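# Structural features, examined
The primary structure of each chain is shown beneath.
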Amino acid sequence: IANIIEDLQSELSDAKKGEEDAQVDFEKQLAAAEALQEELTEREVSLEQTIANRRSDLQDETGRKTGHESDRDALAKTRSDITPGCDFYIKNQAERRRQRGLEMDGLKQAKDYLAGYRPPSMLQQR
């Protein structure tokens, strides 16, 4: 009987030691799991913030894109509006130069004519 009691006490002692070891392992694993959960939660918050920032950036870029498209359309309209006038001046440039030359010659002739003009003296006037 003493052997049985001693064996039972030994088994109880081994069981308690095993239970204590298991509890220590469990607590280590629990601490590791909690640390991992906290890290993953922080990472999730960080990723959500990054996603929110990217969405905001996307909205900003979309707004800028719309503005650039409006500017592009305005420039295209301006170009199409001024093209006929520019084409007219380009097409008629040679004729306009010829006419300006004729005008300059006429102005020089008038200047020369007026330079030779002398008003009558006071004695000859009535």
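To keep things clear, this report deals only with the structure shown in the data block. (Residues numbered from 1 in each chain as written. Predicted model: local features only at pLDDT ≥ 70, side-chain atom pairs only at ≥ 80, totals over all residues. Heavy atoms only, no water.)

### Brief notes about the overall build of the protein
Stated formally: The helix and strand labels rest on DSSP assignments: H or I over at least four residues marks a helix, E over at least two residues marks a strand, and numbering proceeds from the N terminus. Computation of the radius of gyration draws on C-alpha atoms alone. For the globule rule, the value is 2.2 Å times the number of residues to the power 0.38. The cut-offs for exposure are 20% and 50% of the maximum accessible area for each residue type, with area from a 1.4 Å probe on protein chains only; residues under the lower value are buried, those over the upper are exposed, and the others partly exposed. Surface accessibility in these figures is a Shrake-Rupley result with a 1.4 Å probe; residues are shielded only by whichever protein chains are displayed.
Helix and strand content of the protein: 2 helices and 0 strands. Against the compact-globule benchmark of 14 Å for 126 residues, the protein has a radius of gyration of 51 Å, which places it well outside the compact range. On the principal axes, the C-alpha backbone points of the protein span a range of 170 × 35 × 20 Å. Expressed as a percentage of the 126 residues in the protein, the buried residues total 0%. For the protein, the computed accessible surface area is about 12200 Å², with 55% contributed by carbon and sulfur atoms.

### Considerations on the packing of aromatic side chains
Where two aromatic rings form a pair, the distance of their centres and the angle of their planes describe that pair. For the record, the criterion: Two aromatic rings from Phe, Tyr or Trp, using only the six-membered ring of Trp, form a pair when their centres are within 6.5 Å; if the ring planes differ by under 30 degrees the pair is stacked, by over 60 it is edge-to-face, and anything between is tilted.
Summed over all chains, the structure comprises 1 aromatic pair. Look at phenylalanine 88 and tyrosine 89: their rings are 5.5 Å apart centre to centre, the planes differ by 75°, and that puts the pair in the edge-to-face class.

### Looking at helix α2 (residues 93-116)
Note the threshold: Expected helix span is computed as 1.5 Å times (number of residues minus one).
Given a rise of 1.5 Å per residue, 24 residues ought to cover 34 Å, and the 35 Å separating the end C-alpha atoms of α2 matches this to within 8%. Along α2, only 0 of the 24 residues are buried, which leaves the element largely exposed.

### Observations regarding the environment of glutamate 48
Note on placement: glutamate 48 falls in helix α1 (residues 2-91). Taking the C-alpha atoms as reference points, glutamate 48 and glutamine 29, 19 residues apart in sequence, are found 28 Å from one another.

### Description of a negative patch on the surface
Just so we agree on the cut-off: Excluding any residue in a salt bridge, patches collect residues exceeding 30% relative accessible area, merging like charges within 9 Å and nonpolar Val, Leu, Ile, Met, Phe, Trp and Tyr side chains within 5 Å. One speaks of a salt bridge when a side-chain nitrogen belonging to Lys or Arg is within 4 Å of a carboxyl oxygen belonging to Asp or Glu. For this count, His and the chain ends are skipped, Lys and Arg are scored as positive, and Asp and Glu as negative. By convention, the point assigned to a charge is CZ for Arg, NZ for Lys, CD for Glu and CG for Asp.
A cluster of acidic residues, Glu6, Asp7, Glu11 and Asp14, forms a negative patch on the protein surface. Summarising the element assignment, aspartate 7 is placed in helix α1.

### Digging into the environment of alanine 32
Residue placement: alanine 32 occurs in helix α1. By relative accessible area, which is 48% here, alanine 32 ends up partly exposed. Considered as a pair, alanine 32 and lysine 65 are 33 residues apart in the sequence and their alpha carbons are 48 Å apart.

### A few points about α1
Formally: To obtain the bend at a residue, axes are fitted to the seven residues ending there and to the seven starting there, and the angle between these axes is taken.
Taking 1.5 Å per residue as the helical rise, α1 with its 90 residues ought to reach 134 Å, and the 127 Å between its terminal C-alpha atoms agrees with that figure. Helix geometry: α1 is bent most strongly at threonine 83, by close to 40°, with proline proline 84 lying one to four residues after it.

### Regarding the pattern of salt bridges
Opposite charge on two side chains permits pairing when their charged atoms draw close. Applying the stated criterion across every chain, the model contains 7 salt bridges. We note a salt bridge from lysine 17 to aspartate 21, for which the minimum N-O separation is 3.7 Å. Placement of both lysine 17 and aspartate 21 in helix α1 is noted, with a separation of 4 residues, approximately one turn of the helix. What makes lysine 17 partly exposed here is its relative accessible area of 48%. A residue is classified by how much of its surface remains accessible, and aspartate 21, at 38% relative accessible area, is partly exposed. A salt bridge links glutamate 95 to arginine 98; the shortest N-O distance between them is 2.6 Å.

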